[in-house]
Amino acid sequence: MPGLGATDASTATLRKFLTGLGYDVHGWGLGLNIGPSVGVVRGMRELLRELAVGGKVSVVGWSLGGIFARELARDHPGMVRQVITLGSPYAMTDLRQTRVNPVYQLLARFYVPGAAMPPPEHTRPPFPVPSTSVYSKSDGIVAWQTCISAPGARQQNVAVNSSHLGYGYNATVLWLIADRLAQRPRRWHPFTPPRGMARMFPEQ
């Protein structure tokens, strides 16, 4: 799921990589991500229901796409196997914690009521499915502190060295996503960098 102002073209490299590993990969197919408009919210839910007919779905979301992915999992936990977010500021408490705030505010008139700003993460029930939050202190667009949550039994934050616009092309991130997807169903375990790759994953 792409970020604000992006389309499926932004995730083409990531999807091609995962397809090459044998996964059944789908873009979101909703065109330009302008935020939580009526059409976007409805379209995401319909796509999830369609794909989940064959079993639970792993959802990967980049930036705003990751916030959407987490909201889908909260609303439909029985359809989602896990969520992987890439530089997604789902824990922000103020829209000024992202540099795209002016654009987001400009488009807010198109959003469904109450969707412009999700409730504070710390006030919500525990996240219902396994999740991996990928963040970078050199993100450059969003405050990295807004992209993480308190670690839990099935929740993990993993730091990488990447710019915000580079997550979907970063070899370290691709490796991490492949590792998360390769886990056996119902056998989630925290990510551990392979020997020799620890420097690629700071803050571990």
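Up top is the structure these notes are about.
Keep in mind that this is a model prediction, so the values were computed, not measured.

Conventions and cut-offs
- Residues numbered from 1 in each chain as written.
- Predicted model: local features only at pLDDT ≥ 70, side-chain atom pairs only at ≥ 80, totals over all residues.
- Heavy atoms only, no water.
- Helix = DSSP H or I, 4+ residues; strand = E, 2+ residues; numbered from the N terminus.
- Rg over C-alpha atoms; globule rule 2.2 N^0.38 Å.
- Buried < 20%, exposed > 50% of the residue type's maximum accessible area, 1.4 Å probe, protein only.
- Contact = heavy atoms within 4.5 Å.
- Areas by Shrake-Rupley, 256 points an atom, 1.4 Å probe, with all protein chains shown as cover.
- Lys, Arg positive; Asp, Glu negative; His and termini not counted.
- Charge placed at Lys NZ, Arg CZ, Asp CG, Glu CD.
- Polar contact = N/O pair within 3.5 Å; in protein donor to acceptor, adjacent residues only side chain to side chain.
- Salt bridge = Lys/Arg side-chain N within 4 Å of Asp/Glu carboxyl O.
- Axes fitted to C-alpha atoms, helices over the stretch in contact; angles between N-to-C directions.
- Parallel < 35°, antiparallel > 145°, perpendicular 65-115°, else oblique.
- Left-handed = near helix turned anticlockwise from the far one by under 90°.
- Nonpolar A, V, L, I, M, F, W, Y, C, P; charged D, E, K, R; others polar.
- Pairing = 2+ DSSP bridges.

Trainee: How should I be thinking about the overall build of the protein in this particular structure?
Mentor: Looking only at helices and strands, one finds 5 helices and 4 strands in the protein. On C-alpha atoms alone, the protein measures out to a radius of gyration of 16 Å, which is about the 17 Å that the 2.2 N^0.38 rule sets for 204 residues. For the protein, the spread of C-alpha atoms along the principal axes amounts to about 50 × 40 × 35 Å. A buried classification covers 47% of the 204 residues belonging to the protein. Pairs at least 24 apart in sequence give 74% of the contacts found in the protein among residues at least 6 apart. By element, 57% of the accessible surface of the protein is carried by carbon and sulfur atoms, the whole surface being about 10300 Å². Distance from the positive charge centre (21 side chains) to the negative charge centre (11 side chains) of the protein: 5 Å.

Trainee: Which parts of the structure should I look at to understand the side chain of Gln155?
Mentor: Residue placement: Gln155 occurs in strand β4 (residues 155–159). The buried category is assigned to Gln155, whose relative accessible area is 14%. Here the side chain of Gln155 touches Ser131 through a polar contact of 2.3 Å, side chain to side chain. Setting aside its immediate chain neighbours within four residues, Gln155 contacts Phe127, Val129, Pro130, Ser131, Ala150 and Trp188.

Trainee: How do you make sense of the pattern of salt bridges when you look at a structure like this?
Mentor: Here the idea is simple: oppositely charged side chains can pair when their charged atoms come close. Tallying each qualifying case throughout the model produces 5 salt bridges. For the salt bridge of Arg74 with Glu121, the shortest nitrogen-to-oxygen distance reads 3.0 Å. Of this pair, Arg74 sits in helix α3 (residues 64–75) while Glu121 sits in the loop between α4 (101–107) and β3 (131–135), placing them 47 residues apart in sequence. The pair formed by Arg74 and Glu121 is uniform in burial state, with each residue classed as buried. In this structure, Arg180 engages Asp179 in a salt bridge whose closest nitrogen and oxygen atoms are separated by 2.7 Å. By relative accessible area, which is 0% here, Arg180 ends up buried. Classification of Asp179 by relative accessible area gives partly exposed; the value is 26%. Each of Arg70, Arg74 and Glu121 takes part in salt bridges that share partners, so that together they form one network.

Trainee: Would you explain the packing of helix α1 (residues 12–20) against helix α5 (residues 171–181) in this entry?
Mentor: To describe two helices that pack against each other, one gives the angle between their axes and the distance between the axes. Following both chains from N to C, one finds α1 and α5 inclined at 45°, their axes separated by 11 Å at the closest point. As judged from the angle between their axes, α1 and α5 are oblique. Remark: the crossing between α1 and α5 carries right-handed chirality. For the pair α1 and α5, contact is made by Leu14, Phe17 and Leu18 and by Leu174, Ile177, Ala178 and Leu181, respectively. Considering only residue class, the contact of α1 with α5 consists of 7 nonpolar, no polar and no charged.

Trainee: For this particular structure, what's the right way to read the pairing of β4?
Mentor: Walk down a regular strand and you will see the side chains alternate between the two sheet faces. In terms of residue burial, β4 counts as a mostly covered element, since 5 of its 5 residues are buried. Looking at chain direction, β3 and β4 are connected through 5 bridges and run parallel. Residue pairing in the sheet places Thr132 in a bridge with Gln156 of β4.

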